[in-house]
Amino acid sequence: MILTVTPNPSLDRTYEVPSLDRGEVVRATGERVDPGGKGVNVSRAVTAAGRRTVAVLPLGGAPGALVADLLDAQGIEVAPVPVAGVTRSNIALAEADGVLTKINAPGPELTPAEQELLLDTVRRQSPGADWIACCGSLPRGLAPSWYAELVARAHAAGVRIALDTSGPALLAALRERPDVVKPNAEELAEAVGRPLVTVGDALKAAEELRGTGARAVLASLGADGQLLVDDAGAWFGTAAVDAVRSNVGAGDSSLAGFLVAGGRGPEAPASAVAHGAAAVRLPGSVMPAPADLDPAAVTVTAEVPADRPLREPAA
């Protein structure tokens, strides 16, 4: 079982549009409403892969009730934490050429009592979990050290923990030695305080995060592939994608693929790449099922191409 924690979930509306012109009436060609938040997406991808998951998330107001209903309809167990504020609603505009514009609301502010209830709910749900995946931004009211506290409590309970966040929350959590962190290229560059221009730059940055506490680093490099660095070494995985329909939740799908494959060795990054590549071919934040995967298109090597330039350098 994979337990996910999403401190700042959302109700996500995705509109497919031919193009986005400011000040004009834009008519959508497609529309989706999905439960959102990085941890929620991980649970959705784990469920699509045929594995059990439990999603812990604070929910409030009508949007929160709809998030719970949508997850229940997908067969996902929800461990809700009632909050007084209203769950945020986000909007994504996906253009035909693959460009995505996202409008993310701030979300509710959690009271100290709600923060502690969230931690206690994770504790009560964690027995029997293979992994706890803590994902996304922290809502208002939670200090950057909140994830560090969660990592410490998970390790005290003997459960492995994966962390997908950024900025001060990521840096604060490193001291508690999360089992894996999953930054994208921009988040990795921010964490080490310098730009990443080549795959080798990303490799060095991942090694630095390991030096400051992360036991493993799974770095998403967008169209350039994914990089796993852990005690056993480094693996670099790629997969060709002919057309990108939406990259919403692709990184979350990758993390789910990594975890369901065991979270170590070359099989895990291969699964991560396959899930991420499948996700970008699907509309909105649809998570791929096994039939959507193309493992034969994935290449994983221990010979990391350090000199390869990143097609999308991270500042």
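What you see is a predicted model; the values in this text were computed from it and never measured. (Residues numbered from 1 in each chain as written. Predicted model: local features only at pLDDT ≥ 70, side-chain atom pairs only at ≥ 80, totals over all residues. Heavy atoms only, no water.)

**Q** Just checking my understanding: could you explain the overall build of the protein chain for this structure?
**A** Looking only at helices and strands, the protein chain features nine helices and 16 strands. Over its C-alpha atoms the protein chain spans a radius of gyration of 18 Å, differing by no more than 12% from the 20 Å that the globule rule assigns to 315 residues. A principal-axis box enclosing the C-alpha atoms of the protein chain has dimensions of 50 × 50 × 35 Å. Relative to its 315 residues, the protein chain shows a buried fraction of 53%. Excluding contacts between residues fewer than 6 apart, the proportion of contacts in the protein chain whose partners are at least 24 apart in sequence is 67%. Accessible surface, the protein chain as shown: approximately 13100 Å² in total, 52% of it carbon and sulfur. Across the protein chain, the centroid of the 27 positively charged side chains sits 3 Å from that of the 37 negatively charged ones. (Helix = DSSP H or I, 4+ residues; strand = E, 2+ residues; numbered from the N terminus. Rg over C-alpha atoms; globule rule 2.2 N^0.38 Å. Buried < 20%, exposed > 50% of the residue type's maximum accessible area, 1.4 Å probe, protein only. Contact = heavy atoms within 4.5 Å. Areas by Shrake-Rupley, 256 points an atom, 1.4 Å probe, with all protein chains shown as cover. Lys, Arg positive; Asp, Glu negative; His and termini not counted. Charge placed at Lys NZ, Arg CZ, Asp CG, Glu CD.)

**Q** When you look at the UniProt feature "domain: Carbohydrate kinase PfkB" (unreviewed entry) in the protein chain in this model, what are you seeing that I'm missing?
**A** Taking the numbering used here, the UniProt-annotated feature "domain: Carbohydrate kinase PfkB" (unreviewed entry) corresponds to residues 16-289. What you have in residues 16-289 is 37% helix and 24% strand, and the ends, taken at the C-alpha atoms, are 22 Å apart. (UniProt positions renumbered as here; feature names shortened; annotations may be inferred.)

**Q** Looking at this structure, how should I read the environment of L209?
**A** Here L209 shows up in helix α7 (residues 199-211). Residue classification places L209 among the buried positions, given a relative accessible area of 3%. Through-space distance from the C-alpha of L209 to that of A277 is 25 Å; in sequence the pair is 68 residues apart.

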